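Below, each chain spelled out in residue letters.
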Amino acid sequence: MFCALPALAASDSTAAGSPTGDAALQTSGPSFTDLPVDSSLYPAVRYLVGKNILSGFPDGSFRPADSITRAEVARMMVLAKGLTPANGGAQTFSDVPGGHWAYGVIEAAAQDGLLKGYQDGTFNPDGSITRVEATSLLMRLSGGDLTGETVEIADVPAGHWAYRQVATAVQAGLVELPAGNSFNPEVNFQRGEMAKSLSALFTLSPVLRLNELNGKLTVKSGTVTVNGVKVGSAVKVSAGDAIVTGADSKAEITFDDGSGFLLMPGTEFAITTAQGFNYMKKDGTAGVAVDKLTIDLKKGNIFGALASRYDNNNNTAFLDGRIPCCSPRLIYRPASCWPRERARRPGGMSLTRRGREWKSTCPGAWPQSGEPSGVAWLPPAVRAAPTC
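Predicted model only: the values in this text are computed from it and were never measured.

Chemist: I keep staring at the overall build of the protein and nothing clicks. Help me out?
Modeler: Across its full length, the protein carries six helices and 16 strands. Looking at the protein as a whole, 51% of its 388 residues qualify as buried. Pairs at least 24 apart in sequence give 66% of the contacts found in the protein among residues at least 6 apart. Accessible surface computed for the protein: about 17,200 Å², of which carbon and sulfur atoms make up 49%.

Below is the structure:
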């Protein structure tokens, strides 16, 4: 099932009023004259600016209420999926010749199957994209399945060509019903709306959410080696790395979401699988949380903890439910499920030793009483109590 959202970026057009191609990120985030940092839209914009998927205009504005063109959306989709713009080749659409500023991105998106033109062979690159068109394209970018459930939408009936796409997006919270139960399918999609949708898509889409998981190994004392090489104070570690602590040594491995391990003296420890997923912090900065982590403890002792909820006061992950492990005889003994009152993100941790594996397999969920405000990556579909 689709696990959630879609893109907005500026065009490379040199026409007056077109967004610049590279808005510079300040230490505190990008600055726009018409988008204050306390705006509810700001985190989504900052998240995408940080990924170089959207930017502002030369006059310093962002213009969240402006419409966007079909060519601009094509560029966003190509950037979001990491596609390479086409360089020459056959012309797919009669109104997008090789000299058009967006020819490369439109061709790349068309060849990838992300977008299609009209029956007459045109694409209408400079026309504003409607809410229903944008939603359809974003669902295609998401890579997730469309819902089979009935969603009541006053102006998009079940027989509409994009009903399933709109129903899925509404159900997952990717787009809103701005006027009661009406979707306004033919109204132009706004830049601010696209920013919200795409930032959510990056954190929930089965295609876009996966990311490489890297940890930071910090030497606490003594001698520590990674893959047989002595390391200094801090180095990056990931899948395939083997860590050894000396007889009088300790090391700590921490991940972006606050999860981590403390390696005790005389420990041989290897990371065999390290997979992460994108999440957006409350201030709009990007993070990568633990999705699947498998380790092989060959010798010694470690203490591990997974971040299962977030601190709303300082907007950073903190360790909850510390898991003491691992003697040479037993690596990990999970409970049947994390406590219901604990907000748990999707995924889990596997600890493996000598071919045996112990896992925590409970589904991701937020407590029914409410959600932490420091994260923005769970669709309504998984906001239910665990069934353990």
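Chemist: Just to check I follow, could you spell out the pairing of strand 2 (residues 215-221) for this structure?
Modeler: Working note: regular strand, side chains alternate between the two faces of the sheet. Relative to strand 5 (residues 234-237), strand 2 runs antiparallel, the two being bridged by four bridges. The residue bridging Thr 218 from the neighbouring strand is Ala 234, located in strand 5.

Chemist: Would you explain the environment of Ala 74 in this entry?
Modeler: Of note, Ala 74 is situated in helix 2 (residues 70-81). Look at Ala 74 and you get buried, because its relative accessible area is 0%. For the pair Ala 74 and Leu 115, spaced 41 residues apart in the sequence, the C-alpha separation amounts to 7.6 Å. Once you skip the residues sitting within four places of it in the chain, Ala 74 turns out to touch Val 105, Ile 106 and Leu 115.

Chemist: Mind showing me how you'd approach helix 4 (residues 131-142) here?
Modeler: Because an α-helix completes one turn every 3.6 residues, residues spaced three or four positions apart along the sequence face the same direction. Over its twelve residues, helix 4 extends 16 Å from the first C-alpha to the last, a length consistent with the 16 Å expected when each residue adds 1.5 Å. Burial within helix 4 is extensive, with eleven of its twelve residues counted as buried. Listing the buried residues of helix 4 in full gives Arg 131, Val 132, Glu 133, Ala 134, Thr 135, Ser 136, Leu 137, Leu 138, Met 139, Leu 141 and Ser 142. Against the buried residues of helix 4 lie helix 2, helix 5 (163-172) and helix 6 (191-204).

Chemist: Looking at this structure, how should I read the environment of Ala 270?
Modeler: With respect to the helices, strands and loops of the structure, Ala 270 is situated in strand 9 (residues 268-280). A residue is classified by how much of its surface remains accessible, and Ala 270, at 10% relative accessible area, is buried. Residues Ala 270 and Lys 298, spaced 28 residues apart in sequence, show a C-alpha to C-alpha distance of 7.9 Å.

The rules behind each value
- Within every chain, residues take consecutive numbers counted from 1 along the sequence as written.
- This being a predicted model, a pLDDT of at least 70 is required before a residue's local features are given, and a value of 80 or more before pairs of side-chain atoms are given or counted; all residues contribute to the totals for chains, interfaces and linings.
- Side-chain figures throughout are based on the complete set of non-hydrogen atoms in the structure, without hydrogens or water.
- Comment: elements are numbered from the N terminus, with helices defined as DSSP H or I runs of at least four residues and strands as E runs of at least two.
- Burial classes: relative accessible area under 20% of the type maximum marks a residue as buried, over 50% as exposed, and values in between as partly exposed (1.4 Å probe, protein chains only).
- Contacts are assigned to residue pairs with any non-hydrogen atoms lying within 4.5 Å of each other.
- Surface exposure here means Shrake-Rupley accessible area, sampled with a 1.4 Å probe, where a residue is shielded only by the protein chains that are shown.
- Think of it this way: DSSP has to see at least two bridges between two strands before they count as a pair.
- Expected span of a helix: the number of residues minus one, times 1.5 Å.

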